[in-house]
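# A look at the structure
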Amino acid sequence: MSSKKAKPEMNTEIPAEVNAIAQKTVDQAQAAFEKVSEVAHSNVQMLDAAANAYKNRFTDIQLKAMEFAQLNVNAGFAFARYQFPGKEPIFLAMLLLIMLPGILLVIPMFTQIVAMGWTNTLQALVLPFGATALGTFLIRQGFRGLPSEIQDATRLDGYGHVAFLTKFAVPLTRPVIASFTVISALQAWNQYLWPRA
């Protein structure tokens, strides 16, 4: 006797209510995914804009620091080692500039930048702050600390002024130049008043 049990028939149709709930859940999940994707995309755009702003800022600071160092080294070397007419009054006028607050120079510098047509350009951010009185003074003091016998010896060896500056004076006063480069980079970073490009 074989007793076969009959398999109960399974209802494979999904009720309409369950199907509607499932479709609603899928729609909500898809909407949430689109919202998260939109937020993530906007965050990526914000991070990209912030990275671009920092890259521009660091480029600005690097250019200013290099310009500060180069122009102030040349001016400091000229005031320390050369004799020229009006050297002392010009240097005294530069020292008096240290005592002026920077806010007094903003409007005249800005009108000059507009007159030259440099608005919204990189040179308008970098060039107005090229040679500073403080930098020229500090680097001049560093060059005055070098004995004049070194320059006399290099002149006997056939070196000119530029070779003495680049091969002897700058390497010997590297700590002064490096400290002023750090000071100028900090000044460039903390410069909130001058308009940005």
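A short tour of the structure in this document, coming up. (Residues numbered from 1 in each chain as written. Predicted model: local features only at pLDDT ≥ 70, side-chain atom pairs only at ≥ 80, totals over all residues. Heavy atoms only, no water.)

## Focus: the overall build of the chain
Looking only at helices and strands, the chain features eight helices and zero strands. Tracing the chain from N to C terminus, the helices and strands come up as α-α-α-α-α-α-α-α. Radius of gyration (C-alpha) of the chain: 35 Å, far over the 16 Å computed for a compact globule of 197 residues. Seen through its C-alpha atoms, the chain measures out along the principal axes to roughly 130 × 50 × 25 Å. For the chain, the proportion of its 197 residues judged to be buried stands at 24%. Partitioning the contacts of the chain with sequence separation of at least 6, the portion at a separation of at least 24 is 80%. (Helix = DSSP H or I, 4+ residues; strand = E, 2+ residues; numbered from the N terminus. Rg over C-alpha atoms; globule rule 2.2 N^0.38 Å. Buried < 20%, exposed > 50% of the residue type's maximum accessible area, 1.4 Å probe, protein only. Contact = heavy atoms within 4.5 Å.)

## What about unusual backbone geometry?
For asparagine 120, which is not glycine, the phi torsion reads 60 degrees and is therefore positive. Among the secondary structure elements, asparagine 120 is positioned in the loop between α3 (106-116) and α4 (122-126). The exposure class of asparagine 120 is exposed, given its relative accessible area of 69%.

## A short note on the layout of surface pockets
The calculated volume of the largest pocket comes to roughly 700 Å³. Of all the elements in the fold, those that place two or more residues in the lining of the largest pocket are α1 (16-81), α2 (87-99), α3, α5 (133-144) and α8 (174-189). Class assignment for the residues of the lining of the largest pocket results in 18 nonpolar, five polar and one charged. (1 Å grid on protein atoms, 1.4 Å probe; cavity = no way out; pocket = protein on both sides within 12 Å on 5 of 7 lines; lining within 4 Å. Points joined across faces, edges and corners; volume = space filled by probe spheres on them. Nonpolar A, V, L, I, M, F, W, Y, C, P; charged D, E, K, R; others polar.)

## Thoughts on a nonpolar patch on the surface
On the surface, Leu97, Leu100, Ile103, Leu104, Leu105 and Leu193 cluster together to form a nonpolar patch covering roughly 550 Å² of accessible area. Locating isoleucine 103 in the fold gives a position in the loop between α2 and α3. (Patch = residues over 30% accessible without salt bridge, like charges linked within 9 Å, V, L, I, M, F, W, Y side chains within 5 Å. Areas by Shrake-Rupley, 256 points an atom, 1.4 Å probe, with all protein chains shown as cover. Salt bridge = Lys/Arg side-chain N within 4 Å of Asp/Glu carboxyl O.)

## A look at the side chain of serine 184
Tracing the backbone through its elements, the reader meets serine 184 in helix α8. Among the residues examined, serine 184 registers a relative accessible area of 0% and is labelled buried. For serine 184, the side chain forms a polar contact with the main-chain oxygen of threonine 181, separated by 2.9 Å. With residues near it in sequence (within four places) discarded, serine 184 still touches Ala65 and Phe68. (Polar contact = N/O pair within 3.5 Å; in protein donor to acceptor, adjacent residues only side chain to side chain.)

## Remarks on the packing of α1 against α8
Viewed as axis vectors pointing N to C, α1 and α8 meet at an angle of 140 degrees, and their least axial separation amounts to 9 Å. It follows that α1 is oblique to α8 by the angle criterion. Here α1 and α8 pass one another in a crossing that is right-handed. Here α1 contributes Tyr54, Arg57, Phe58, Ile61, Lys64, Ala65, Phe68, Ala69, Asn72 and Val73 to the contact with α8, which in turn contributes Ile177, Phe180, Thr181, Ser184, Ala185, Gln187, Ala188 and Trp189. Of the residues belonging to the contact of α1 with α8, the class tally is 12 nonpolar, four polar and two charged. (Axes fitted to C-alpha atoms, helices over the stretch in contact; angles between N-to-C directions. Parallel < 35°, antiparallel > 145°, perpendicular 65-115°, else oblique. Left-handed = near helix turned anticlockwise from the far one by under 90°.)

## So, the side chain of asparagine 72
Following the sequence through the fold, asparagine 72 ends up in helix α1. Here the side chain of asparagine 72 touches threonine 132 through a polar contact of 3.1 Å, landing on its backbone nitrogen. Setting aside its immediate chain neighbours within four residues, asparagine 72 contacts Glu67, Gly130, Ala131, Thr132, Gly135, Thr136, Ile139 and Phe180.

## A closer look at α2
For α2, spanning 13 residues, the distance from its first C-alpha to its last is 19 Å, which sits close to the expected 18 Å at 1.5 Å a residue. Where α2 is concerned, the buried positions are Lys87, Phe91 and Met94. Projected onto a plane normal to the axis of α2, the buried residues spread over an arc of 55 degrees and lie on a single side. Exposed residues lying more than 90 degrees from the buried face of α2 are Glu88, Pro89 and Met99. Buried positions along α2 lie against α1 and α5. (Expected span 1.5 Å × (residues − 1). Arc of directions from axis to C-beta.)

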